[in-house]
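Listed below are the residues making up each chain.
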Amino acid sequence: MAWNWNKTAMFVGGLLTGTAGISILSSEDAKKVYTHCAAAVMRGRDKVMEVCSTLQASGGDIAADAADINEKRKAEKKEREIEQAKAVLAAYEEEQKA
């Protein structure tokens, strides 16, 4: 059985590439890049949280205003119904007098 040098060479090449990759990824320059990326992500997170807080506050204000509008409409509708009932009653009383 013949020794397969291609597979052996590919294995050794992969091993060397992996070892070189690990040393590159753990180098001081790579750590600086990771640190800057993490800082950028944190700044982005802070901005997103700020926007969410603003939206949340606005949402609360909008909900409160909407509730006020609905209460006013409900009161106006009730007042119209009362006025209509008074008009029907007055018409009925006029009819009874005649």
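Notes on the structure follow. The shown structure was predicted, so the numbers you read here are calculated from the model rather than taken from an experiment.

**A few points about the overall build of the protein**
Turning to step 1, where the next piece is worked out: Secondary structure assignment for the protein yields 2 helices and 0 strands.
Turning to step 2, where the next piece is worked out: The C-alpha atoms of the protein give a radius of gyration of 39 Å, which is well past the 13 Å a tight globule of 98 residues would have.
Turning to step 3, where the next piece is worked out: If you line up the protein on its principal axes, its C-alpha atoms span 125 × 40 × 10 Å.
Turning to step 4, where the next piece is worked out: The buried share of the protein, reckoned over its 98 residues, is 1%.
Turning to step 5, where the next piece is worked out: Of the charged side chains in the protein, 14 are positive and 15 negative; the average position of the first set lies 12 Å away from that of the second.

**Let's talk about the environment of K78**
Turning to step 1, where the next piece is worked out: For K78, the position within the fold is in helix 2 (residues 28-97).
Turning to step 2, where the next piece is worked out: The class for K78 is exposed, based on a relative accessible area of 55%.
Turning to step 3, where the next piece is worked out: Placed 27 residues apart in sequence, K78 and V51 show a C-alpha to C-alpha distance of 40 Å.

**A closer look at the environment of L25**
Turning to step 1, where the next piece is worked out: On the secondary structure map, L25 appears in helix 1 (residues 5-25).
Turning to step 2, where the next piece is worked out: Classification of L25 as exposed rests on a relative accessible area of 53%.
Turning to step 3, where the next piece is worked out: In contact with L25, other than residues within four places in its own chain, are A30 and Y34.

**Notes on the pattern of salt bridges**
Turning to step 1, where the next piece is worked out: Here the structure, examined in full by the defined rule, presents 3 salt bridges.
Turning to step 2, where the next piece is worked out: Where K47 meets E50, a salt bridge forms, and the shortest distance between an N and an O atom there is 3.5 Å. Note that K47 and E50 are positioned in helix 2 at a spacing of 3 residues, about one turn of the helix.
Turning to step 3, where the next piece is worked out: By relative accessible area, which is 46% here, E50 ends up partly exposed.
Turning to step 4, where the next piece is worked out: Between K74 and E71 there is a salt bridge whose closest N-O contact spans 3.9 Å. Remark: E71 and K74 occur in helix 2; sequence separation between them is 3 residues, near one turn of the helix.
Turning to step 5, where the next piece is worked out: Judged by its relative accessible area of 55%, K74 is exposed.

**Things to note about a nonpolar patch on the surface**
Turning to step 1, where the next piece is worked out: On the surface, a nonpolar cluster with roughly 430 Å² of combined accessible area is contributed by F11, V12, L15 and L16.
Turning to step 2, where the next piece is worked out: Examined against the element boundaries, L15 turns out to sit in helix 1.

**Brief notes about helix 1**
Turning to step 1, where the next piece is worked out: Over its 21 residues, helix 1 extends 30 Å from the first C-alpha to the last, a length consistent with the 30 Å expected when each residue adds 1.5 Å.
Turning to step 2, where the next piece is worked out: Along helix 1, only 0 of the 21 residues are buried, which leaves the element largely exposed.

What counts as what
- Residues numbered from 1 in each chain as written.
- Predicted model: local features only at pLDDT ≥ 70, side-chain atom pairs only at ≥ 80, totals over all residues.
- Heavy atoms only, no water.
- Helix = DSSP H or I, 4+ residues; strand = E, 2+ residues; numbered from the N terminus.
- Rg over C-alpha atoms; globule rule 2.2 N^0.38 Å.
- Buried < 20%, exposed > 50% of the residue type's maximum accessible area, 1.4 Å probe, protein only.
- Lys, Arg positive; Asp, Glu negative; His and termini not counted.
- Charge placed at Lys NZ, Arg CZ, Asp CG, Glu CD.
- Contact = heavy atoms within 4.5 Å.
- Salt bridge = Lys/Arg side-chain N within 4 Å of Asp/Glu carboxyl O.
- Patch = residues over 30% accessible without salt bridge, like charges linked within 9 Å, V, L, I, M, F, W, Y side chains within 5 Å.
- Areas by Shrake-Rupley, 256 points an atom, 1.4 Å probe, with all protein chains shown as cover.
- Expected span 1.5 Å × (residues − 1).

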